[in-house]
Each structure stands twice: as structure tokens, then as C-alpha cells.
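Overview (structure and organization)
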Amino acid sequence: MFAKGREAMRLTPAEVRLILIESLQWCANNAVYFLGLIGAATYDLAGTAFLVAAITLARNLMTSVGNMVSGSVIDRFGPRRTSFVTCVITAVLSLGVGLAPLSVPGLVFAACVLGLAGGFINTCTHAFPGYLESTTEGRTRVNGLMVFYSNIAYTAGPLLGGAIVSCFATQSVYLLMAGMMGVAAVLSLGCHECVAPAKGEKPKGGLTFRDHDLRLIFISGFLGFFAFGAFDSLESLFYRDVLNVDIVWLGWLSSVVGLTSSVGAFILTKLSARHVNLRLLLGALMAVGIGSMVYVGTDMLGVAIIGQAINGLAWGFLEPLQMILIQERADIKYLGRITGFVRFGLMSAGVVPLLAAPFLAEALGVQTVLFGASTIIALVGTLFFVTQGRRRGR
């Protein structure tokens, strides 16, 4: 069941650079998302669910646009050059936001531009291993370790952001992002692909939906992520009004997910290639739903921490498995576009719940809506997990 030998864990210089780029962008983005966007709107500006929903909606919409548009750019110019330009632009824009006074228009602007840039860099890092590795074992190693180390950074981001915000103004987390993305830009210059870009070769119709596994990754991911839109607009209110904790816990509690997700991703790197399959992905989606139900099911901080730990462990499998299976199934000529389309589907899935969640929260309560959303994720994961098991049995 477990791969043997140190050779399987050895990384090339390009793979090391890719892991560092992914780690830096996750550290910066997570600090800004939880503290600089959601935290600032909820605590500094005393925002309602509608303000938080508007800001997260703007961010998610622009991230979806970035996911979709970046695919063709990656296929034309390669992930290295696309990553470099994106990191430079992100660093400059973050610096500007960090030096500007805090306001609602400023937060909406930050959500839009950083969402667009995030969509680009996220698609780059998800597609990049396909340009570096050609075997399932290699892709498992690179994707698993990339998620392992980036989730340590995911943990460090909110912790570092919380420490900074406890001493300085909330906007200071944007200065942190500017510095980290500047370093990522330098690293991307030396992260050379082993496979040349396809120079914009025109794709055939139905790239994603022609393959059963890609189709199932997209559909199950879309339905599962559909429910997560409620979390984007209501999670900070759950912390404030149900758990009764202050802004710092937006960083502390989210760090639990990063820590346990790293554990899950590391375990994945130890699995043999035959266990890295679609059914394991669907089982991880089911576990994410169950963990989320525990997370928001009570008003007790200790139970929420346990739920986040379960959630994070499952995410440690879910994200790299999505990447591995896409890279395995997609033609390299169209890898950027297929990756971008799948990421677009996942991000855009949360748009409708963002619009409805504030109204549902007003009528039913924040906790009720979040628990219902978690239940949907668990049911979707269970349904596809069982269906895939029967299909394999036949």
C-alpha cells in the first residue's frame, strides 16, 4: 500500500521552487482572506452578513474569471511565465491596498483584484506538476508534497496575520502579501517546465466532459463546493455570534485546517499509485462534509476545533487528488484550459449560495444554514462514493 524508498520523495530544483511559490501564495492569501477581507468587514467595519457576502461574492466571481481566462494563457505561454507576471502584479496591487485607508470600496476593490490574480496563480500551480512529471508516482509525490508544505503555510498565514493585526492596523496584512508575492515572482523565474507549452493549439470540443473521470471530478466537485458558498458569507458571523470569539480566532481556528490538511497530504504521498483513484477522492469529499457538520453543529469551541481537524485531514487528500487525476487524464496541450475550467466550476459553484445565504441566515439563523450546507456536502460525497464503488464492482 505504501511506496518505498527515499528516491520517491526526492524533488528536483523546479519542484522545490513550485512548492515554495505555492506555499508563499497560500500563506499570503490566507492571511489576507481571513484578516484583511472577512475580518476587516466583520470587525473593523462592523459589517452585516450582506456586506460580508458582497465582498466574498466579488472575490469569488473574479477568482472564477481568473481560473477560466488563465487556462488559455498557460497553454500558450506556459505556467512559468504566467506565474511570474501574476505574482508581480499581485505584489504591486497588494502594496497599494495596504497603504490605502480602510473602507468598504477599498475592500471590494481588494476582493476583485486579488480574486482575479488568485484565480491565475491557483490555476498555474494546479497545472504546473503536469509540466514537470509524467508518472502517477511522480505526480502523487509533487502534488502531495506541494499541498503538505503549502498547508503548513496555510496554517502560518492566519497565525502570522493574527499576530500582525493584534499589533498593527488590519491593512498591514496586505503589506505582508506584497512582500511574499514579490519573493514568489523571483522564484518563478527559475521554475522551468520539462514539457514545452502547446503555443495555444485550438482545443477540441468538450475537453472536460469527454472523459468519465474528469466529468465526475467536475460534477461532484461543483455540487460539493456549491454548499461552501454559505461558509464564505456566514463563517465569520458564526465565530462572532455563535462561538462568541473575537477576530483573532478567525486566524487561530483556520490554522487547525492547515495543520491537519498537511498531515492528510503527507499520508497521500505514501500511498502506492493503485490507491490514488477517483473513489478515494469521493471518499475525501464525503469526509469534508462530515467534518463540516461537526464544525458548525454546536456552539462549543472545542467541538468546532475537532470538526476543523476532521475537515482539514480530508482536504489534505481532496485537493491533491483533484490535481493528480486531472493531470493524469488531461492532454498536456489542453492541461491549462481543463485545469482552469475545473477550477472555474469549483469556484463559481459558491456564487448562488453567496446570494441566498444572508437571506436564509436572517430567516433561519447562521448556524442552521451552515449545518444544512455541510449536510449537503456529506450527502453528495456519499452518493458519488457509493455509485463509483458499484461502477468499479461491475
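Reference entry: report on the structure contained in this document. Along each chain, residue indices are assigned from 1 in the same order as the chain's sequence is written. The predicted origin of the model limits local features to residues at a pLDDT of at least 70 and limits the giving and counting of side-chain atom pairs to 80 or more, whereas totals for whole chains, interfaces and linings rest on all residues. Note that the side-chain values use all heavy atoms of the structure and ignore hydrogens as well as water.

1. So, the side chain of T90
Mapped onto the fold, T90 is located in helix 3 (residues 79-99). We call two N or O atoms a polar contact when they sit within 3.5 Å, provided that within protein one can donate a hydrogen and the other can accept it, with sequence-adjacent residues counted only if both atoms are side-chain atoms. There is a polar contact of 2.7 Å between the side chain of T90 and the backbone oxygen of T86. Aside from chain neighbours lying at most four places away, what touches T90 is L114, A117, M177 and M181. In this text, helices come from DSSP runs of H or I with a minimum length of four residues, and strands from runs of E with a minimum of two, each type numbered from the N-terminal end. When checking whether two residues touch, look at their non-hydrogen atoms; a contact exists if any pair is within 4.5 Å.

2. Looking at the packing of helix 2 (residues 49-77) against helix 12 (residues 351-364)
The description of two packed helices rests on the angle between their axes and on the distance between the axes. For helices, the fitted line uses only the C-alpha atoms of the stretch in contact; every axis is such a line through C-alpha atoms, and the angle between N-to-C directions lies from 0 to 180 degrees. One way to put it is that helix 2 packs onto helix 12 with a least axis distance of 9 Å and a crossing angle of 175°. Judged by the angle between their axes, helix 2 and helix 12 are roughly antiparallel. The segment helix 2 lies against helix 12, with A49, F50, A53, T56, L57, N60 and L61 engaging V351, L354, L355, P358, F359 and E362. When grouped by side-chain class, the residues that make up the contact of helix 2 with helix 12 number 10 nonpolar, 2 polar and 1 charged. Any angle from 65 to 115 degrees is called roughly perpendicular, while one under 35 is roughly parallel, one over 145 is roughly antiparallel, and all others are oblique. Residue type decides the class: Asp, Glu, Lys and Arg count as charged, Ala, Val, Leu, Ile, Met, Phe, Trp, Tyr, Cys and Pro as nonpolar, and the leftover types, Gly among them, as polar.

3. Section: helix 2
Helical periodicity: at 3.6 residues per turn, an α-helix aligns residues three or four positions apart in one direction. Taking 1.5 Å as the rise per residue, helix 2 with 29 residues should run 42 Å; its terminal C-alpha atoms sit 41 Å apart, in good agreement. Bend, at a single residue, is the angle you get between axes fitted to the 7 residues ending at that residue and the 7 residues starting at it. Maximal helix bending in helix 2 amounts to about 30°, located at S70. Note on helix 2: the residue one or two positions beyond its end, G78, has a positive phi of about 90°. For a helix, the expected span equals 1.5 Å multiplied by the residue count minus one.

4. Side note on the side chain of T82
With respect to the secondary-structure elements, T82 resides in helix 3. The contacts of T82, once residues within four sequence positions are left out, are V73, I74, F77, F120 and C124.

5. Brief notes about the state of the cysteines
Cysteine sulfur atoms that come within 2.5 Å of each other are treated as a disulfide pair. Under the counting rule described, the total for this entry stands at 0 disulfides. Of the cysteine sulfurs around C87, a residue in no disulfide, the closest is that of C124, at 8.1 Å. Exposure classes here rest on a 1.4 Å probe applied to the protein chains alone. A residue is buried below 20% of its type maximum, exposed above 50%, and partly exposed in between. Here C87 falls in the buried class, since its relative accessible area comes to 0%. Just so you know, C191 is unpaired, no disulfide at all, and the nearest cysteine sulfur is the one on C194, 9.1 Å from it.

6. Brief notes about unusual backbone geometry
With a phi close to 60°, N244 is a non-glycine residue in the positive phi region. Structurally, N244 is set in the loop between helix 7 (212-242) and helix 8 (248-269). When its relative accessible area of 60% is taken as the criterion, N244 is described as exposed.

7. Overview of the pattern of salt bridges
Salt bridges are identified by distance alone: a Lys or Arg side-chain nitrogen within 4 Å of an Asp or Glu carboxyl oxygen. The final tally for this structure, using the stated rule, is 4 salt bridges. A salt bridge links R337 to D75; the nearest nitrogen and oxygen atoms lie 2.5 Å apart. You can see R337 sitting in helix 11 (residues 335-348) and its partner D75 sitting in helix 2, a full 262 residues away along the chain. What makes R337 buried here is its relative accessible area of 15%. A salt bridge links D241 to R240, with the shortest nitrogen-to-oxygen separation between them at 3.0 Å. Residue class for R240 comes out partly exposed when judged on its relative accessible area of 29%.

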